[in-house]
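Structural overview
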Amino acid sequence: MTTDIVLHWYPESPFANKVSWLLNYKKIAYKTVKIDICEPRPLRRPLDAGYRKTPILQIGNQVYCDSKAIIEQLEEMVPEPSLFPVTTANGTSTVGAAHAWSLLLDSVVFTAVASQFELAQLPPNFFEDRLELLGAKITPEEWALKRPVAKIDLDAHLARVHQSIPVISSPDAPAWLLGTATPSVADFSLAMNTWFMQLLIPDELAKYPRMTAHFQQLMPLIDPKRVYGMPAITAEDALAIAKEQQKMPSANTVPPAYAYLTKGQKVGVTPTDLGIQAAIGELVALTDKHVILKITDERTNAVYVHLPLVYFAIVPI
């Protein structure tokens, strides 16, 4: 039986665009569900256990939340082209370095870029929605006062990132962040920030020409417009896919080393970097890479929600 892959996204989301690029780079066929940019999203809840960030990637009744979990799954499903290629100099693995760079770019640098939003740029209710997601309390006036202060932090990060990007000597000799022959996941994270700066602060991006050159060399490999040509389905269609394509996850144990957790108990899995809302469900498995929760709904039957371990906390409820 064919298992449908569905990207739940909205086009303005930097992380959703990054995941679409990864799907395109690996030449994976998928469908899309366009979600609202702000809550409420009642038709997504039967799939995400309460996880609020975007995107999620649905594979039948298996749902992967957070780009870290999505990346691990895509690499397992389609190993080539790898998101962790070896270095050209001596064939060294880039797994550790790629993950480290991605964590820096996806969290610290991305947050610094996002600090430069002008509230007039935002859709209605967006500011309030994201404050609720983050559990933050700040007024529009306070946000405006913080922007120039946060700009100093952003400039410091971007200067260091820019210095780390290799110079491209010619179009026929691409230069990737970790000295590899093909892009690693770190290059996708860097490109996501470049895309976000193009959208948000294009004048600032002009100060960092290596970021733009790096972005331009990646674009032919990922066909960013491909996502718009993928079959678009409704949220109701996605729920039906989960119900019709039932499958158990391959992992089904919880290591005894984590004595406070027991398979079958109700747990909350909460981001520790950005966001305070927990995904809540029955604990099915805990691997060295992710945690799996089971949730049920009459519209989907069993859904298994996969979340990463890095920057997440698992707490019994």
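Summarised in this report is the structure supplied together with it.

What counts and how
- Residues numbered from 1 in each chain as written.
- Predicted model: local features only at pLDDT ≥ 70, side-chain atom pairs only at ≥ 80, totals over all residues.
- Heavy atoms only, no water.
- Pairing = 2+ DSSP bridges.
- Helix = DSSP H or I, 4+ residues; strand = E, 2+ residues; numbered from the N terminus.
- Core = buried A, V, L, I, M, F, W, Y, C linked by side-chain atoms within 4.5 Å.
- Buried < 20%, exposed > 50% of the residue type's maximum accessible area, 1.4 Å probe, protein only.
- Contact = heavy atoms within 4.5 Å.
- Salt bridge = Lys/Arg side-chain N within 4 Å of Asp/Glu carboxyl O.

As for the pairing of strand E7 (residues 290–297)
For strand E6 (residues 279–286) and E7, the ladder comprises 4 bridges, and the chain directions are antiparallel. Considered in E7, the bridge of Leu-283 is made with Leu-293. Remark: 3 residues form the turn of the hairpin made by E6 and E7, two consecutive strands paired antiparallel. Relative to strand E8 (residues 301–308), E7 is paired through 8 bridges, and the arrangement is antiparallel. Opposite Asp-297, over in E8, you have Asn-301 as the bridge partner. Joining the antiparallel neighbours E7 and E8 is a turn of 3 residues.

Things to note about the nonpolar core
Counting residues in hydrophobic clusters, the biggest one holds 92 residues, and the most contacted among them are Leu-293 and Leu-307. Of the residues forming this core, the biggest block, 10 residues, is contributed by helix H7 (residues 185–200). When neighbours within four sequence positions are excluded, Leu-307 is seen to be in contact with Tyr-51, Cys-65, Ala-69, Val-269, Ala-279, Lys-289, His-290, Val-291, Leu-293 and Phe-312. Within the second largest apolar cluster, 5 residues are counted, among which are Val-284, Ala-285, Ala-302 and Tyr-304.

Points about helix H5 (residues 126–134)
Taken as a whole, H5 has its buried residues at Phe-126, Phe-127, Asp-129, Arg-130, Leu-131 and Leu-133. Contacts made by the buried residues of H5 are with helix H6 (140–164). In the stretch just after H5, Gly-135 is the one whose phi turns positive, near 70°.

Some points on the pattern of salt bridges
Here the idea is simple: oppositely charged side chains can pair when their charged atoms come close. With the rule as written, the count across this model stands at 17 salt bridges. We note a salt bridge from Arg-52 to Asp-129, for which the minimum N-O separation is 3.1 Å. With a gap of 77 residues between them, Arg-52 in the loop between helix H2 (45–48) and strand E3 (56–59) and Asp-129 in helix H5 connect regions that are remote in the sequence. Overall, Asp-129 belongs to the buried group, its relative accessible area being 7%. The shortest N-O distance in the salt bridge between Glu-204 and Lys-151 comes to 3.1 Å. Residue Glu-204 is located in helix H8 (residues 202–205), and its partner Lys-151 is located in helix H6; the two are separated by 53 residues in the primary sequence. Bridged by salt links that share partners, the residues Glu-39, Arg-41, Arg-44, Arg-45, Asp-48, Arg-52 and Asp-129 form one connected network.

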